[in-house]
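Understanding the architecture of this molecule
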There are 2 protein chains.
Amino acid sequence: MANKPGLLMVLSGPSGSGKGTIVKELLSRYEDMRVSVSMTTRQPRPGEIDGVHYYFVTREQFEQTIAEDGLLEYAEYNGNYYGTPIAPVQKMLEEGKNVILEIEVQGAEKVMAKRPDLVSIFIGIPSMEELERRLRGRGTETEEVVLKRLEAAHYELSRAHLYRYLVLNDEVEAACDRIKTIIDAEKLRMIRANHTTLEVNGYVGT
Amino acid sequence: MANKPGLLMVLSGPSGSGKGTIVKELLSRYEDMRVSVSMTTRQPRPGEIDGVHYYFVTREQFEQTIAEDGLLEYAEYNGNYYGTPIAPVQKMLEEGKNVILEIEVQGAEKVMAKRPDLVSIFIGIPSMEELERRLRGRGTETEEVVLKRLEAAHYELSRAHLYRYLVLNDEVEAACDRIKTIIDAEKLRMIRANHTTLEVNGYVGT
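Thresholds, definitions, all that
Residues numbered from 1 in each chain as written. Chains lettered and ligands numbered in written order. Predicted model: local features only at pLDDT ≥ 70, side-chain atom pairs only at ≥ 80, totals over all residues. Heavy atoms only, no water. Buried < 20%, exposed > 50% of the residue type's maximum accessible area, 1.4 Å probe, protein only. Helix = DSSP H or I, 4+ residues; strand = E, 2+ residues; numbered from the N terminus. Pairing = 2+ DSSP bridges. Contact = heavy atoms within 4.5 Å. Axes fitted to C-alpha atoms, helices over the stretch in contact; angles between N-to-C directions. Left-handed = near helix turned anticlockwise from the far one by under 90°. Nonpolar A, V, L, I, M, F, W, Y, C, P; charged D, E, K, R; others polar. Core = buried A, V, L, I, M, F, W, Y, C linked by side-chain atoms within 4.5 Å. pLDDT = per-residue confidence, 0-100.

**Digging into the pairing of strand β7 (residues 98-101) of chain A**
All names here are of chain A.
- What you see with β7 is no split at all: Asn-98 and Ile-100 on one side and Val-99 and Leu-101 on the other are buried throughout.
- Relative to β7, strand β1 (residues 8-12) is paired through three bridges, and the arrangement is parallel. By the bridge assignment, Leu-8 is partnered in β7 with Val-99.
- As defined by bridge partners, strand β2 (residues 33-35) adjoins β7 across three bridges and the pair is classed as parallel. Of the residues in β7, the one forming a bridge with Arg-34 is Val-99.

Quick look at the structure:
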């Protein structure tokens, strides 16, 4: 018997929102959680593994994938393509896995337009002051980088209203609990109803 | 400080779906749960208390409430009006209570049109055979009543796709757990975000 398909989720949030830590925690907590691997034309850095950190492809391969409509979203930065290939995501969903796309706001908006079943979650921050404290607290970035990230955060927050859910990351464990609650509730959405068990005509979700 | 407003919910489902039992269980489990009291022009039956079972009003009072747009929905059956008055619901929501409307499909559709914030839950049944077994199992209804209820159930199931969530009532405790999960997730919806804590302009949910 086929698995019930998993959920397609996107997690976005400003740099410093802690979304990377949340994704790691979700992956370690739940056996049925996966994260999407992006495709890129940039060169692998030392230690990066093809198929784990990225799918590393040539420019021709990437443009071929674009032509085949094989990407959920893509963009070009500094002369390199970055995108989310559909095929591996679709395969994981069909295997019943919940798949997280950890992408920024512009990419997420493109996926929202393509996939109305997308569960979009914005990772919120207690305040801009707290975000600034976290960004400076790392101690590894120059003032210029910190200011750039704060500016980007302002932009991202201005697009947050497009997301279905807002999960405040005051504490990683609590934020993961909230995401688990969202997943459980989303599985009860009428659009995901398993019609065969209901045996009723016209019982088709929208 | 004002409470965070509660959720407005509608629970519908065919006769025999067990939604009455679910509502009772939810009210006894959660202190912040309330059920809306309907307004009617029919005569009180012995033991029925005004403001508890119904708000009993005159035809003139009911039509005055209609004229003032004071009802979330209403209908006329057998020469009597039945409806859901807005004012007491609104007051409970403002006090932070989650308010359940236990109304049938046609009434629920009217509320959906008026209140996009409505959390609509359809109580599903394992199968039509199980529903028939439950309806007959009561042993208190005539064959005619059972057949009428089965026909009504078919109609209600054909409108189930309009609801946001489907909660299967295979077991009352489990069904209530699912509804609690829905409530917790709905409180994380962006449309219900408490913007004052986010301190960001443009962060307004839609």
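**Observations regarding the environment of B:Ser17**
All names here are of chain B.
- The topology assignment puts Ser-17 in the loop between β1 (8-12) and α1 (19-29).
- Overall, Ser-17 belongs to the buried group, its relative accessible area being 0%.
- Spatially, the C-alpha atom of Ser-17 lies 24 Å from that of Leu-72, the residues being 55 residues apart in sequence.
- When near neighbours in sequence (up to four residues on either side) are disregarded, Ser-17 contacts Ile-123, Ile-125, Leu-131, Arg-134 and Asn-169.

**Focus on the sheet that holds β2(A)**
All names here are of chain A.
- A sheet is described by the order of its strands in space; here five strands give the open sequence β2-β7-β1-β8-β9, paired in parallel fashion. Each of the sheet's edge strands pairs with one partner strand only, and the pair in question is β2 and β9 (165-168). Strand-to-strand twist of the sheet, defined as the mean angle between neighbouring strand axes without regard to direction, takes the value 30°.
- Where strand β8 (residues 119-124) meets β9, four bridges bridge the pair, whose relative direction is parallel. The residue bridging Ile-121 from the neighbouring strand is Tyr-165, located in β9.
- Where helix α3 (residues 86-94) meets the sheet, its contacts fall on β1, β2 and β7, and the angle it forms with β7 comes to roughly 150°.

**Here we look at the sheet that holds β1(B)**
All names here are of chain B.
- Strand order across the open sheet formed by five strands is β2-β7-β1-β8-β9, with parallel pairing between neighbours. Pairing within the sheet leaves two strands with one partner each, and these edge strands are β2 (33-35) and β9 (165-168). Neighbouring strand axes in the sheet, compared pairwise and without regard to direction, differ in orientation by 30° on average.
- Along the sheet, α1 contacts β1, β2, β7 (98-101) and β8 (119-124); its crossing angle with β2, the most-contacted strand, is approximately 140°.
- Helix-sheet contacts for helix α3 (residues 86-94) involve β1, β2 and β7, and the interaxial angle to β7 is about 150°.

**What to know about the packing of α1(B) against helix α7 (residues 172-186) of chain B**
Residue and element names in this part refer to chain B.
- The N-to-C vectors of α1 and α7 enclose an angle of 65°; their axes lie 10 Å apart at closest approach. Here α1 and α7 pass one another in a crossing that is right-handed. Each of Thr-21, Ile-22, Glu-25, Leu-26 and Arg-29 in α1 lies in contact with α7, whose residues at this interface are Val-172, Glu-173, Ala-175, Cys-176, Asp-177 and Ile-179.
- When grouped by side-chain class, the residues that make up the contact of α1 with α7 number six nonpolar, one polar and four charged.

**So, the nonpolar core**
- Judged by nonpolar contacts, the single largest core of 42 residues is most densely connected at A:Ile121, A:Ile179, B:Ile121 and B:Ile179.
- The residues contacting B:Ile179, other than those within four sequence positions of it, are B:Leu11, B:Ile22, B:Leu26, B:Ile121, B:Ile123 and B:Val167.

**Describing the confidence of the model for chain A**
Residues and elements named next belong to chain A.
- On average, chain A scores 90 in pLDDT, and the residues at 70 or more come to 92%.
- Taking the mean pLDDT of every element in chain A, the minimum, 87, falls on helix α5 (residues 128-137) and the maximum, 98, on β7.
- Here residues 196-206 is modelled with pLDDT under 50, and outside its nearest four sequence neighbours on either side it reaches 28 contacts, counting other chains as well.
- Taken together, the chains of this predicted complex give a pTM of 0.88 and an interface ipTM of 0.86.

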